[in-house]
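Coordinates in review
Single-letter residue listing:
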Amino acid sequence: MDEQESVVIQETELKEESQNLEKEKARIIVVTSGKGGVGKTTSTSNIAVALAKLGKKVVAVDADIGLRNLDVIMGLENRVVYNFVDVLEGNCRLNQALVRDKRVDTLYLLPAAQTRTKDAVNQEQMIKLCGMLRDEFDLVLLDCPAGIEGGFKNAAVGADEALIVVTPEVPSVRDADRIIGMLESMGKSPIRLIVNRLRPDMVRGGDMLDVPDIIEILAISLIGIVPEDDNVIRAANRGEPMTFASKSPAAQAYINIARRILGEDVPLIQFDTKPRGLLGNIRKILGI
């Protein structure tokens, strides 16, 4: 073997080693909540878009079998042909089921089956699917069914880490506490908190939980606060996640969450939630 051949072999080995290291960095994140209607799917779509715009190859997976909505929120429902159940049952290849978002080249959707029940996929199959996705993407976001039933466990089993979406309401926080316990028992880490639909005026009036109270109850780290924003509804109806172009407060909050997921040190947006005046202080003290 001459010197030139030796150099080529070494360069090839270094390239393969580098590629393997990149694969090890692939992350699978389940986005979940204790109850429905807290903005879990909206959070998944906006964070996925923001991560893709930051240069990562991302797939948003709708893991809510039978209640598919992520395709609609992302504006890709008309392009869905296959779903991930088809992939697992051998009816199509993975790349046939993936829907690439033409607005961002590195963003993909993997839809759920609309006409199947949540027990159509077991935990072993979900682990297999996550392994397939890990080889293809930098980040995988799993939009998980709400609640603690089998659908949640099946969707979360293949994830490395978790984002918990809560609204500043007692039922949402209480149910999230149960989900966190289950995720901890499954070995998911880190588990981080998104407080969604915060209304500072209601917090000041004592009619909504404040963020420090939520953190104290749930005892997990905070990754972002998303304020109440009418643009969320408009974007969902248009099928265009806000993080594509909007400069709204909620869009900026989701972009900041994506940057924190990637390890950036991004300060949290500060909201004025202190009670105002004597009446506000009395209500805060009495908890009414």
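Quick caveat: nothing in here was measured; it's all calculated off a predicted structure.

**Regarding the overall build of the protein chain**
- Counting its regular elements, the protein chain contains 13 helices and eight strands.
- Out of the 288 residues in the protein chain, the part that is buried amounts to 49%.
- For the protein chain, the share of sequence-separated contacts (at least 6 apart) that also reach a separation of at least 24 residues comes to 77%.
- Total accessible area on the protein chain stands at roughly 14200 Å², and carbon and sulfur atoms take up 49% of it.

**As for the environment of Arg197**
- Of note, Arg197 is situated in strand β7 (residues 191-198).
- Residue class for Arg197 comes out partly exposed when judged on its relative accessible area of 32%.
- Considering only alpha carbons, one finds Arg197 and Thr167, 30 residues apart in sequence, at a separation of 6.0 Å.
- Contacts of Arg197, omitting those with residues within four sequence positions, involve Gly37, Val38, Gly39, Thr167, Pro168, Met208, Val226, Pro227 and Glu228.

**Describing helix α8 (residues 170-185)**
- Counted at 1.5 Å a residue, the expected span for α8 with its 16 residues is 22 Å, and the 23 Å between its end C-alpha atoms agrees.
- Within the span of α8, buried status applies to Ser172, Val173, Asp175, Ala176, Ile179, Ile180, Met182 and Leu183.
- Gly187 occupies a position one or two residues after α8 and carries a positive phi of about 80°.

**A short note on the sheet that holds strand β5 (residues 139-143)**
- A sheet is described by the order of its strands in space; here eight strands give the open sequence β3-β4-β2-β5-β1-β6-β7-β8, paired in mixed fashion. In this open sheet, the two strands that pair with only one neighbour each are β3 (99-100) and β8 (221-227).
- Here four bridges tie strand β1 (residues 27-32) to strand β6 (residues 161-166), and the two strands are oriented parallel to one another. Note that in β6 the partner of Val30 across the bridge is Ala162.

**A word on the nonpolar core**
- Of all hydrophobic cores here, the largest spans 53 residues; its most connected members are Phe84 and Leu110.
- Take this core: its biggest share by element is six residues, from α8.
- The contact partners of Phe84, leaving out residues within four places of it in the chain, are Val61, Asp62, Ala63, Ile65, Leu110, Pro111, Ala112, Val121, Met126 and Leu129.
- Leu163, Ile194, Phe244 and Ala258 belong to the second-largest nonpolar core, a separate cluster that totals 36 residues.

**Overview of the packing of α8 against helix α10 (residues 211-218)**
- At their nearest, the axes of α8 and α10 sit 10 Å apart, and the two run at 35° to each other. Judged by the twist between their axes, the crossing of α8 over α10 is right-handed. Here Val173, Ala176, Asp177 and Ile180 of α8 lie close against α10, whose contacting residues are Ile214, Ile217 and Leu218.
- Looking at the contact of α8 with α10, its residues break down into six nonpolar, no polar and one charged.

**Side note on the environment of Phe271**
- Here Phe271 shows up in the loop between α12 (249-261) and α13 (277-286).
- Distance in space between the C-alpha atoms of Phe271 and Pro200 is 6.5 Å, their sequence separation being 71 residues.
- Apart from residues lying up to four places away in sequence, Phe271 is in contact with Leu198, Pro200, Ile225 and Pro227.

What counts, and where the lines are drawn
- Residues numbered from 1 in each chain as written.
- Predicted model: local features only at pLDDT ≥ 70, side-chain atom pairs only at ≥ 80, totals over all residues.
- Heavy atoms only, no water.
- Helix = DSSP H or I, 4+ residues; strand = E, 2+ residues; numbered from the N terminus.
- Buried < 20%, exposed > 50% of the residue type's maximum accessible area, 1.4 Å probe, protein only.
- Contact = heavy atoms within 4.5 Å.
- Areas by Shrake-Rupley, 256 points an atom, 1.4 Å probe, with all protein chains shown as cover.
- Expected span 1.5 Å × (residues − 1).
- Pairing = 2+ DSSP bridges.
- Core = buried A, V, L, I, M, F, W, Y, C linked by side-chain atoms within 4.5 Å.
- Axes fitted to C-alpha atoms, helices over the stretch in contact; angles between N-to-C directions.
- Left-handed = near helix turned anticlockwise from the far one by under 90°.
- Nonpolar A, V, L, I, M, F, W, Y, C, P; charged D, E, K, R; others polar.

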